[in-house]
Structure formats: C-alpha cells, structure tokens
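Working through the structure, step by step
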Amino acid sequence: MSEKVKKILADRQEIHGDAKVNFVAIGRMWGAILKIQDIPPHIVALMYDAGKTIRCVSNPLHEDNWLDKTGYTQHGMEIANES
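Tallied over the entire structure, the rule returns four aromatic pairs. A ring pair is formed by Phe23 and Tyr48, whose centres lie 6.1 Å apart and whose planes are at 20°; its orientation type is stacked. Here Phe23, found in helix H2 (residues 19–34), pairs with Tyr48, found in helix H3 (residues 41–58); they are 25 residues apart in sequence, far enough to count as distant. Judged by its relative accessible area of 6%, Phe23 is buried. A residue is classified by how much of its surface remains accessible, and Tyr48, at 29% relative accessible area, is partly exposed. Taken together, a centroid distance of 5.6 Å and an interplanar angle of 35° make the contact between Trp30 and Tyr48 tilted. Highlighted residues: Trp30 in helix H2 and Tyr48 in helix H3, separated in sequence by 18 residues.

Over its 20 residues, helix H4 (residues 63–82) extends 29 Å from the first C-alpha to the last, a length consistent with the 28 Å expected when each residue adds 1.5 Å. Of the residues making up H4, those classed as buried are Asn65, Leu67, Asp68, Lys69, Gly71, Tyr72, Gln74, His75, Gly76 and Ile79. Buried positions along H4 lie against helix H1 (3–16), H2 and H3.

In this approach a probe as big as a water molecule rolls over the atoms, and the regions it shows empty are the leftover space. Taken as a whole, the largest pocket spans an internal volume of roughly 340 Å³. In terms of lining residues, the largest pocket is bounded by 16 residues, among which Arg12, His16, Phe23, Tyr72 and His75 are the most central. Sorting the residues of the lining of the largest pocket by element identifies H1, H2 and H4 as the ones contributing at least two each. Top contributing element to the lining of the largest pocket by residue count: H1, with five residues. Its residues assigned to classes, the lining of the largest pocket comprises seven nonpolar, six polar and three charged.

Turning to the packing of H2 against H3, a few remarks are in order. Taken N-terminus to C-terminus, the directions of H2 and H3 make an angle of 85°; their axes are 8 Å apart at the nearest point. One way to sum up the angle between H2 and H3 is to call them roughly perpendicular. Side by side, H2 and H3 meet where Lys20, Phe23, Val24, Ile26, Gly27 and Trp30 of the first sit next to Pro41, Val44, Ala45, Met47 and Tyr48 of the second. The residue inventory of the contact of H2 with H3, partitioned by class, reads nine nonpolar, one polar and one charged.

Cut-off values and rules
Residues numbered from 1 in each chain as written. Predicted model: local features only at pLDDT ≥ 70, side-chain atom pairs only at ≥ 80, totals over all residues. Heavy atoms only, no water. Phe/Tyr/Trp six-rings, centres within 6.5 Å; stacked < 30°, edge-to-face > 60°. Helix = DSSP H or I, 4+ residues; strand = E, 2+ residues; numbered from the N terminus. Buried < 20%, exposed > 50% of the residue type's maximum accessible area, 1.4 Å probe, protein only. Expected span 1.5 Å × (residues − 1). Contact = heavy atoms within 4.5 Å. 1 Å grid on protein atoms, 1.4 Å probe; cavity = no way out; pocket = protein on both sides within 12 Å on 5 of 7 lines; lining within 4 Å. Points joined across faces, edges and corners; volume = space filled by probe spheres on them. Nonpolar A, V, L, I, M, F, W, Y, C, P; charged D, E, K, R; others polar. Axes fitted to C-alpha atoms, helices over the stretch in contact; angles between N-to-C directions. Parallel < 35°, antiparallel > 145°, perpendicular 65-115°, else oblique.

Printed below as a string of structure tokens:
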C-alpha cells in the first residue's frame with residue numbers, strides 16, 4: 001500500500017471513525033432499505049470499490065478515484081481477514 005493511501009486512510013479514520021464500524025452500520029442500513037438481511041462489511045467495501053471503478057472508467061486520469069478504490073480494497077481485505 002502506498003504512503004498516499006496510508007495517509008488517506010488515516011485521515012479518513014480520524015474524520016469518520018473506524019471503517020469496519022461504519023461499514024457494518026452501512027450494511028445494516030442498506031439491508032433495511034432493501035428489506036434484505038444485513039450486507040456484510042467486506043461486501044460494503046466491495047460495493048464502494050465498484051462505484052470507484054465506474055468513476056475510474058469515466059475519468060481515468062483523476063488520481064483521487066484510484067486512491068479511494070485502493071483504500072476500499074484495503075479495508076475490505078482487512079475486514080475479510082478478521083472474519
């Protein structure tokens with residue numbers, strides 16, 4: 001993981017709190033809205049990654065999209081490894 005991504009993840013954790021806690025909450029909310037079971041936090045990370053993939057396709061030169069995508073992948077991998 002690049003130093004840029006590490007810094008972004010550290011900054012976002014300071015602003016938004018723990019990623020896994022947030023992804024669990026998001027998965028519960030999305031599940032409730034869709035009237036399905038909770039979406040697991042590693043799947044939430046993949047869904048956010050998918051959104052960033054679309055942005056990378058539409059604007060491949062915008063570095064922020066690539067960095068965010070890498071961050072979501074990192075979070076998803078860490079969360080999946082905790083399971």
